[in-house]
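Summary of structural features
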Amino acid sequence: MRVIVALLLVVCASPAFAQDGPELRWGGDAEGGAPFVEADPNDPARVVGFDVEIAQLLAEGLGRVPRFIQVGFTSLDAAAARGDFDIGLSGLEDTAARRSRLAVTIPYYEFRELLTVREADAARFRTLGDLAGRRVATLGATLAYDLLVKAQAEHGVVPVTYEDDVHPYTDLAIGRVDAVLLDEVLAERGVRRNPGLINQPTVAGVGSYVGLLAPGNTALRDRIDGILRQAMQDGRLEAIFRRWEMWNDDQPRLYARLTGGVAVPAPEVAADLSTWEAAQRYLPALLRAAGITLLLSCLAMALAIVLGMAIASGRVYGPRPVQVALTAVVEIVRGTPLLLQLFVLYFGLATVVQLPAFLAALLGLGLNYAAYESEIYRGALEAVPRGQLDAARTLGFSTRQALVLIRGPQAFRLALAPMTNDFVALLKDSSLVSVITVVELTKQTSIFAANIGSWLVPGLMCAAMYLALSLPLARVARRIEKGWRRA
Amino acid sequence: MAPGMTLLAVEGLELRRDARTIVSDLSFSVSRGDRVALMGASGTGKTTVLRAIAGLEPLSAGSISVDSARLAASSPTDAQARELQQRVGMVFQFHHLFAHMTAIHNVWLAPVHVLRQPRAEAERRARLLLERLGVAHRADALPHELSGGEAQRVAIARALAVNPALLLMDEPTASLDPARRGELAATLCELSADGTALLVATHDAEFARACAQRILLLDGGRISRDGPAAEVLA
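Residues numbered from 1 in each chain as written. Chains lettered and ligands numbered in written order. Predicted model: local features only at pLDDT ≥ 70, side-chain atom pairs only at ≥ 80, totals over all residues.

Our next topic: the overall build of chain B. On a plain count of helices and strands, chain B comes out with 8 helices and 10 strands. For chain B, whose C-alpha radius of gyration is 17 Å, the value lies close to the compact-globule estimate of 17 Å for 234 residues. If you take every contact in chain B between residues at least 6 apart in sequence, the share linking residues at least 24 apart comes to 64%. (Helix = DSSP H or I, 4+ residues; strand = E, 2+ residues; numbered from the N terminus. Rg over C-alpha atoms; globule rule 2.2 N^0.38 Å. Contact = placed C-beta atoms within 7 Å.)

Counting its regular elements, chain A contains 18 helices and 11 strands. Considered along the principal axes of its C-alpha atoms, chain A spans approximately 95 × 55 × 45 Å. By residue count, 44% of the 487 residues in chain A fall in the buried class. Considering only contacts in chain A between residues 6 or more positions apart, those separated by 24 or more positions represent 75%. (Buried ≥ 20, exposed ≤ 12 C-beta atoms within 10 Å, placed from the backbone.)

Take the environment of Pro418(A) next. All names here are of chain A. By secondary structure assignment, the location of Pro 418 is in helix H16 (residues 399–429). What makes Pro 418 partly exposed here is the crowd of 16 C-beta atoms within 10 Å. Separated by 18 residues in sequence, Pro 418 and Ile 436 have C-alpha atoms that sit 28 Å apart.

The next thing to look at is the sheet that holds strand S8 (residues 197–201) of chain B. Residues and elements named next belong to chain B. If you trace the 6 strands from one edge of the open sheet to the other, you get S6-S7-S8-S3-S9-S10, paired in mixed fashion. Whereas interior strands pair on both sides, the edge strands pair on one side only; in this sheet they are strand S6 (88–91) and strand S10 (222–228). Ignoring which end each strand starts from, the neighbouring axes of this sheet average 20° apart. Of the pairings in the sheet, the one linking strand S7 (residues 166–170) to S8 comprises 5 bridges and is parallel in character. Within the sheet, the bridge partner assigned to Leu 167 lies in S8 and is Leu 198. (Pairing = 2+ DSSP bridges. Axes fitted to C-alpha atoms, helices over the stretch in contact; angles between N-to-C directions.)

Grouped together as the largest cluster of nonpolar side chains are 128 residues, with contacts concentrated most on Val136(A), Ala179(A), Val180(A), Leu181(A), Leu212(A) and Ala361(A). Non-local contacts of Leu181(A), meaning those with residues more than four positions away in its chain, are made with Glu113(A), Leu115(A), Val136(A), Thr138(A), Ala144(A), Leu147(A), Leu148(A) and Ala204(A). Membership of the second largest hydrophobic core comes to 79 residues, among which are Leu395(A), Leu13(B), Val154(B) and Ala185(B). (Core = buried A, V, L, I, M, F, W, Y, C linked by C-beta atoms within 7 Å.)

Now for the interface of chain A and chain B. Counting residues at the interface gives 16 residues for chain A and 20 residues for chain B. Its residues assigned to classes, the side of chain A that touches chain B comprises 7 nonpolar, 6 polar and 3 charged. (Nonpolar A, V, L, I, M, F, W, Y, C, P; charged D, E, K, R; others polar.)

One frequent convention defines the size of an interface as the accessible area lost when the parts assemble. Residues and elements named next belong to chain A. Its domain assignment divides chain A into domain 1 (2–109 + 208–259), domain 2 (111–207) and domain 3 (275–484). Relative to domain 3, the C-alpha centre of domain 1 lies at a distance of 42 Å. Listed per partner, the contact involves 7 residues of domain 1 and 7 residues of domain 3. Listed by contribution, the elements that provide at least two residues to the side of domain 1 that touches domain 3 are helix H3 (76–82) and helix H4 (96–101). Per element, the largest residue contribution to the side of domain 1 that touches domain 3 is 3 residues, and it comes from H4. (Domains from an automatic or database assignment.)

Glancing now at the sheet that holds strand S5 (residues 69–72) of chain B. Residue and element names in this part refer to chain B. Sheet architecture is open: 4 strands sit in the order S2-S1-S4-S5, paired in antiparallel fashion. The strands lining the two open edges of the sheet, one partner per strand, are strand S2 (20–31) and S5. Averaged over all neighbouring strand pairs, the angle between strand axes comes to 15°, with direction disregarded. Sheet analysis places strand S4 (residues 61–66) next to S5, joined by 4 bridges and oriented antiparallel. By the bridge assignment, Ser 65 is partnered in S5 with Arg 70.

Looking now at the packing of H16(A) against helix H18 (residues 456–484) of chain A. Residues and elements named next belong to chain A. Axis separation between H16 and H18 bottoms out at 10 Å; the angle between their running directions is 175°. As far as their axial angle goes, H18 and H16 are roughly antiparallel. For the pair H16 and H18, the contacting residues are Arg 413, Leu 416, Thr 420, Phe 423, Val 424, Leu 427 and Lys 428 in the first and Tyr 466, Leu 469, Ser 470, Leu 473, Ala 474, Ala 477, Ile 480, Glu 481 and Trp 484 in the second. Of the residues belonging to the contact of H16 with H18, the class tally is 11 nonpolar, 2 polar and 3 charged. (Parallel < 35°, antiparallel > 145°, perpendicular 65-115°, else oblique.)

Here we come to the pairing of strand S9 (residues 158–162) of chain A. Of all 5 residues that make up S9(A), 4 are buried, and the element is covered over most of its length. In this view, the connection linking strand S8 (residues 135–139) of chain A to its parallel neighbour S9(A) by way of helix H5 (residues 143–155) of chain A has right-handed handedness. (Right-handed = clockwise from strand over helix to strand, strands pointing away.)

What follows is the structure, encoded as C-alpha cells:
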C-alpha cells in the first residue's frame, strides 16, 4: 500500500504538476512515515512531516519552490551523490562516511538512541549489556545498527535488521525479538503504537539528523547552513519540531553550539575507514551472509523439488478435482509476487503462527519455486513417449513402478537444464528475504555500501560471491547431462 | 494344458475409438505354440486388436481370455488387465525401449521388479536371451545407439524375459531389410518350438508365409478368412 502511495507521489511530483519558478528538488522516502515524511492521510498525493516543513523552510530561504522526489531510504546517499535531487532530507543521520563522501549540512535535530523492551522485561533488560544472546531489532545502515554490531562483539547481542521502522516494534510486542534499538523519535512512536512496550532511560548513543547534498555542491550547502542557523535563532525550527511534538531540551543546546560558532561535533561512531580497510573488515560478514544465501537457496530448492514433484504427479495422475485444485494453487503462487508472499508468511500470519524468519524465508522461497518446478516436471513427464508407458504396462509394471523406474528418471533428465536455471534464479531471488529480517548476501552488501557510502567495491565483491555460488552449479549440471549423453 | 489346446480366445470383440467402430463381433482363437499372422490392409485395426489383447485398449463388447485370465467388456477391472498382461508379451512396431537404460537393463528390469527375481539371476537370463537373439554384443548400448533390427531383437528379448505364453508382434518387418526378415522368421519359428504362441500383425505376405502356420485376414472389422498360410495366401 505504501509502495503504491510512493509511486503515486512520484507521478504527481512530475513537472506537469509543479508550480512555476525555480525548484528545490528534495529527496526523501515517504515509506519512512511520520513524523519524517509520509503521505498525507487526507490527500495521498501530498507529503507531510517535519522533513517536509524543513524542505519548505529551506526553499523559501532560497527563493525556490520545493518539489518532493521519492527515493528508497537505502538509496538516498547514492542518489544524492548522483545529483538526483538538490538535497536529501529524511531523518538522515550524521555519519563519518557521509561527511567524507557527500556535502553534509549542519545538524538540525539531535536525538538519543533508546532501547525499547517489553514492560515485563523492564527490570532485566536495562542496557545492551543485559541482552547477551538476545535478538535486538533495528534498521539496517543506521547509527543504531553500528551500535548493535559493536554490542555484538562486546556482549554477544544478536542484531536483527529490518527494512522499515514499524515491524521492529510489532515483532517486539509479540516476542520475536527481545529489544529494539532506534532513535528516540521512532522509539516514542513505537511505544505509543504498541501497548506493553517501554523505553529504557539509559541513552545508548547520541546522533543527529542532517541534509545530504552532492559532494561538489558545497556552495548550496553553505547557503542552506546559513538558512538553518537563521531558523534556529528566530524559532522557526523550534516551531516545526513543536508542531510534531519532537521539541526537547537537547535541541536548544545543539542550536546554541551551532549558532555560537562552536565547531560541529564529530559523529559518535567515527570509523572513517579506507575502502580497502572497510572491505577487509566486512569480508567475514559478507562470507557469512553468502553462506546463509547458499544454505537458504539449497534448502528452498530441495523443498521446491520435492513439492514440485508431488504437485506435478498430482496434476498428471490425480483425479479431476485434485488436478483442478493443484492447477489453482500453481496459478495463485505463480501469479502473485514473491515479496508479497514473504510479507504474508512472516508478518501477515504473525498473529496466528510466529514463524522464525529463516523458516518463513525457506517456506516462502520453497513454495514459490515449487509452483515453477511443478510446471517443469509436468511438461517433462508428458514429454516421455506414451509408447514406453504402454510397453511398461504390457511387462506388468504398476503405474507407480512405471513412474519411478521409467517415466520419472527420463523426465528428470529433461527437467535438469530448466531446474539449473531456476536454481540460479532462486539464488538471486533469495535476496528478497531481507524484508523479513534475514541478512543474506545482498542485504549485507547494502549495509556495507551504506556504511562506506559507495556501491562500487561492495557491489563487485557481492557479484563475485554470487558468481562463485552459481557457476560451479552450472558446471555440475552440464557434467551430469554429458554423462547421460555419452556415446 | 497340453500343446494344441486353446490359449487365446477372442469372443464377440468390439473395439471403438470415440464414435468410430474399429472392429465388431470379432471372434478367433489361438492355440499354444501356434504361429498366427493377422493380416489385412492398413487401417483395418490389426494394431488395435493386438493392443486390446495386451490389455491396453478398453473393450466395448465381448471378451478376451488368455489361459485362465479373462477380460470382459461387461466388468473390466485393472486387476483383470494385469492378469492378462502377465500372460501376454508385446513387441511394438517402434520397439518403445526405455530410452534411459542399456539394452540388457531393458531386458532384466521387469523380471527384477515384476517377477521379483534376484538381480544377478535376472541379468544372467537376460544375457542368455540377448545371445539367443544374436544381440549379446550390444548388451551395454543405449537404445538410440542400436540399429532398427538390433532394437527389435532387444524388444523381443525384453518381452520374452517375463515368460509370456503368448507373444504379440506389431509389424515386425517394417524396419528390416529382406535378409533380416528371413532371420527374424527363423528366430520366431524357434521360439514357438518352446511352446510360446505367436500372433503377428503384418501386411508382409512373404514374411507371413515364412513365419506363420495360419493366417487370419481382417477386413471391414471382421475376420474374412482363417486358414493355413498356403491356402489363404495362394
